[in-house]
Amino acid sequence: MAAAGYAPALLGFEQLAQGWMLIVQQFVDAVSWDEMVNKPVESLKAAVHALHAAGFVHGDLRGCNILVAAGAVSLIDFEWAGVVGKATYPYFMNHVDIQWPDGAGDGRLVTESHDLWWLSKLI
């Protein structure tokens, strides 16, 4: 995603205890999707398409996980992202304050249709 310009560059990572991963990415001087007035919709569509075309899903494409700088979108917060058919939601999802797509739930598969549901809510 970084090579295509749709995510900050990965600077480093380290495997932590209990399956957690520490990830360090490039700083992006940007604002969140939620803060934008004139949202770059086509850039967001292209980013989600590129993610899916590469065989990955994100799982948490809320506006707070999308940065915008100079009219271009960067996806962030890839902690639930992974390979299509393998990535699963964690067992600590916020079901009180966040409405999730149908089928999204603790321990269930993250699907492309979930990402597209978020996309439809954002544009």
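Quick summary incoming for the structure in this document. Bear in mind that the values here come from a model prediction, so they are computed numbers and not experimental data. (Residues numbered from 1 in each chain as written. Predicted model: local features only at pLDDT ≥ 70, side-chain atom pairs only at ≥ 80, totals over all residues. Heavy atoms only, no water.)

Here we have 3 strands laid out as an open sheet, ordered S3-S5-S6, and antiparallel in their pairing. Strands with a single pairing partner mark the edges of an open sheet, and in this sheet they are strand S3 (31-32) and strand S6 (72-75). Of the strand pairs in this sheet, strand S5 (residues 66-69) and S6 are connected by 4 bridges, and their pairing is antiparallel. Looking at the pairing, isoleucine 66 lines up with leucine 75 of S6. Strands in contact with helix H1 (residues 41-53) are S5 and S6; relative to S6, the strand with the most contacts, it is inclined by about 40°. (Pairing = 2+ DSSP bridges. Helix = DSSP H or I, 4+ residues; strand = E, 2+ residues; numbered from the N terminus. Contact = heavy atoms within 4.5 Å. Axes fitted to C-alpha atoms, helices over the stretch in contact; angles between N-to-C directions.)

Turning next to the packing of aromatic side chains. Tallied over the full model, the rule gives 5 aromatic pairs. Seen from their ring centres, tryptophan 80 and tyrosine 89 are 5.8 Å apart, and the 80° between their planes marks the pair as edge-to-face. For tryptophan 80, a relative accessible area of 10% translates into the label buried. A residue is classified by how much of its surface remains accessible, and tyrosine 89, at 1% relative accessible area, is buried. Note on tryptophan 117 and tryptophan 118: the rings are 4.9 Å apart at their centroids and 80° apart in plane angle, and the pair reads as edge-to-face. With a relative accessible area of 23%, tryptophan 117 lands in the partly exposed category. Look at tryptophan 118 and you get buried, because its relative accessible area is 6%. (Phe/Tyr/Trp six-rings, centres within 6.5 Å; stacked < 30°, edge-to-face > 60°. Buried < 20%, exposed > 50% of the residue type's maximum accessible area, 1.4 Å probe, protein only.)

Here we take up the environment of aspartate 29. Note that aspartate 29 resides in the loop between strand S2 (21-25) and S3. On the basis of relative accessible area, aspartate 29 is assigned to the exposed category, the value being 65%. Along the chain, aspartate 29 and leucine 67 lie 38 residues apart, while their C-alpha atoms are 8.8 Å from each other.

Another point: the nonpolar core. Taken as a class, soluble globular proteins show a tendency for nonpolar side chains to be buried jointly. Of all hydrophobic cores here, the largest spans 22 residues; its most connected members are Trp33, Leu44, Ile66, Val73, Leu75 and Trp100. Looking at this core, the elements that each hand over two or more residues are H1, S5, S6 and helix H2 (112-122). If we skip the residues at most four places from it in the chain, tryptophan 100 touches Gly59, Asp60, Trp80, Met93, Asn94, His95, Trp117 and Trp118. (Core = buried A, V, L, I, M, F, W, Y, C linked by side-chain atoms within 4.5 Å.)

With that settled, the discussion passes to the layout of surface pockets. What the largest pocket holds in volume is close to 760 Å³. Looking at the largest pocket, it is lined by 24 residues, and the ones nearest its centre are Ile23, Phe78, Glu79, Trp80 and Ala81. Mapped by element, the contributors of at least two residues to the lining of the largest pocket are strand S1 (10-15) and S2. For the lining of the largest pocket, the per-class residue count stands at 16 nonpolar, 6 polar and 2 charged. (1 Å grid on protein atoms, 1.4 Å probe; cavity = no way out; pocket = protein on both sides within 12 Å on 5 of 7 lines; lining within 4 Å. Points joined across faces, edges and corners; volume = space filled by probe spheres on them. Nonpolar A, V, L, I, M, F, W, Y, C, P; charged D, E, K, R; others polar.)

Turning to H2, a few remarks are in order. For H2, every residue scored as buried is listed here: His114, Asp115, Trp118, Leu119 and Leu122. Mapping the buried residues of H2 onto a view down its axis gives an arc of 145°, with all of them on the same face. On the buried face of H2, the contacting elements are H1, strand S4 (56-57) and S5. (Arc of directions from axis to C-beta.)

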